[in-house]
Amino acid sequence: FYIIKYPTDRATFEKENAFFTYGLIAFLLHSQIMLMLYLPLLILAASISAVSFFPFLQAVLILYFAALLCRMFGFMVYLIWGRASTLGYFVARIFMIFFIFGTFFFAPFLNPLQILYLLVKSTADTGLPFALYMMTVSFAILLLIGVNHFLVRRHQREKGI
């Protein structure tokens, strides 16, 4: 029966500081640290299944870029709809579900699970799908970085920061 009430008048540090010098660096490092926590488990799984180093590195990069894309999109949703928005919550979750599962049917070259499967299935012909995935997701991340920077600057101008 207790509902968490977030104060709507206080903004996060990512909203009050310049995005390139604070938010972006924090997102890059935080995503990397969170992935590094699972790295021993990933190394163990790769060694048990006899995956060589290069496909393992590709798989880790796929996971990192997928996490970073979802994080950047989630921050954009927060900047647009605010902290306690139910619509923002569902939009962020729908994006993640579509990115992980929906792209399997609509854009298999963007599906991280499909690319990971190709890495396990055959290491000989994964160059083009991996490169296409990395280029597309990198472009989407760069686009979201620009949008997030613009939204943070807009918030700062409105608040006079």
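Note that the structure is a prediction, hence the values are computed from the model and not measured.

Cut-offs and rules
For every chain, the first residue of the written sequence is number 1, and numbering continues from 1 along that sequence. Totals for whole chains, interfaces and linings use every residue, but because this is a predicted model, local features are given only for residues with pLDDT of at least 70 and side-chain atom pairs only at 80 or more, for both listing and counting. Side-chain metrics rest on all non-hydrogen atoms present in the structure, leaving aside hydrogens and water. The reported bend at a residue is simply the angle between two axes, fitted to the 7 residues ending at it and to the 7 residues beginning with it. Helix and strand labels come from DSSP, where a helix needs a run of H or I of at least four residues and a strand needs a run of E of at least two; each type is numbered from the N terminus. Exposure classes here rest on a 1.4 Å probe applied to the protein chains alone. A residue is buried below 20% of its type maximum, exposed above 50%, and partly exposed in between. Contact definition: two residues touch when any of their heavy atoms are within 4.5 Å. N or O atoms within 3.5 Å of each other form a polar contact, as long as, within protein, one can give a hydrogen and the other can take it, and as long as residues adjacent in sequence are counted only when both atoms are side-chain atoms. Take the residue count of a helix, subtract one, and multiply by 1.5 Å to get its expected span. Only the stretch in contact is used when fitting a helix axis, every axis being a line fitted to C-alpha atoms; angles between N-to-C directions are given from 0 to 180 degrees. Note on terminology: angles under 35 degrees are roughly parallel, angles over 145 are roughly antiparallel, angles of 65 to 115 are roughly perpendicular, and the others are oblique. Rotating anticlockwise by less than a right angle from the far helix to the near helix defines a left-handed crossing, while the corresponding clockwise rotation defines a right-handed one. We call Asp, Glu, Lys and Arg charged. Ala, Val, Leu, Ile, Met, Phe, Trp, Tyr, Cys and Pro are nonpolar, and the rest, Gly among them, are polar. When two rings of Phe, Tyr or Trp (its six-membered ring) have centres within 6.5 Å they constitute a pair, described as stacked for plane angles under 30 degrees, edge-to-face for angles over 60, and tilted for the intermediate range. Distance thresholds for patches are 9 Å for like charges and 5 Å for nonpolar side chains (Val, Leu, Ile, Met, Phe, Trp, Tyr), applied to residues having over 30% relative accessible area and no salt bridge. Each accessible area is a Shrake-Rupley result for a 1.4 Å probe, and residues are judged covered by the shown protein chains and nothing else. We define a salt bridge as a side-chain nitrogen of Lys or Arg found within 4 Å of a carboxyl oxygen belonging to Asp or Glu. Per-residue confidence from the predictor is reported as pLDDT, a score between 0 and 100.

S.K.: Whenever I open this one, helix α4 (residues 86-106) confuses me. Can you help?
M.R.: Given 3.6 residues to a turn, an α-helix orients residues that are three or four positions apart in the same direction. Maximal helix bending in α4 amounts to about 45 degrees, located at F99. Every buried residue belonging to α4 is among G88, A92, F99, G102 and T103, and all of these are buried. Turning to α4, the residues buried within the fold contact α3 (53-81), α5 (112-121) and α6 (127-159). A distance of 3.4 Å separates the backbone nitrogen of L87 from a side-chain oxygen at the start of α4, and that oxygen is part of S85.

S.K.: Please clarify how α3 should be interpreted in this entry.
M.R.: With 29 residues, α3 ought to run about 42 Å at 1.5 Å a step, and its terminal C-alpha atoms sit 42 Å apart, in line with that. Just beyond α3, the residue with positive phi is G82, at close to 95 degrees.

S.K.: I'm lost on the packing of helix α2 (residues 19-48) against α3 in this one. Help?
M.R.: The angle between the axes and the distance between the axes are what describe a pair of packed helices. Where α2 meets α3, the axes come as close as 9 Å, and the angle between the chain directions of the two elements is 140 degrees. In terms of their interaxial angle, α2 and α3 are classed as oblique. Crossing hand, α2 versus α3: right-handed. When α2 is examined against α3, the residues F19, L24, F27, L28, H30, S31, Q32, L35, L39, L42, I43 and A46 are found in contact with a partner set consisting of F56, V60, L63, Y64, L68, R71, M72 and F75. Among the residues making up the contact of α2 with α3, the classes are represented as 16 nonpolar, 3 polar and 1 charged.

S.K.: Explanation requested: the packing of aromatic side chains in the structure shown.
M.R.: Pairs of aromatic rings are described using the distance from one ring centre to the other and the angle between the two planes. Under the criterion given, the structure shown has 11 aromatic pairs. Judged by centre distance (6.1 Å) and plane angle (65 degrees), the rings of F19 and F27 are edge-to-face. Neither residue differs from the other here; F19 and F27 are each classed as buried. For the ring pair F95 and F99, a centre distance of 6.2 Å and an interplane angle of 5 degrees mean the geometry is stacked. Of this pair, F95 and F99 both sit in helix α4, 4 residues apart, roughly one helical turn. Among the aromatic residues, ring-to-ring pairing joins F19, F20, F27, F75 and Y78 into one connected group.

S.K.: Just checking my understanding: could you explain a nonpolar patch on the surface for this structure?
M.R.: A surface patch of nonpolar side chains, about 610 Å² in accessible area, is lined by I25, L29, I33, M34, L37 and Y38. Within the secondary structure layout, L29 lies in helix α2. L29 gets classed as partly exposed once you look at its relative accessible area, which sits at 45%.

S.K.: Just to check I follow, could you spell out the side chain of N111 for this structure?
M.R.: Tracing the backbone shows N111 in the loop between α4 and α5. According to the relative accessible area criterion, N111 is buried, its value standing at 1%. Reaching out from N111, the side chain makes a polar contact with the backbone oxygen of I100 at a distance of 2.9 Å. Side-chain polar atoms of N111 contact the backbone nitrogen of Q114, separated by 2.9 Å. Ignoring sequence-local partners within four residues, the contact set of N111 consists of F99, I100, F101, T103 and F104.

S.K.: Honestly, the confidence of the model for the protein in this entry has me stumped. Any pointers?
M.R.: Of the residues in the protein, 92% have a pLDDT of 70 or more, and the chain-wide mean is 87. Taken element by element, the predicted model of the protein shows its lowest mean pLDDT in helix α1 (residues 13-16) (74) and its highest in α3 (93).

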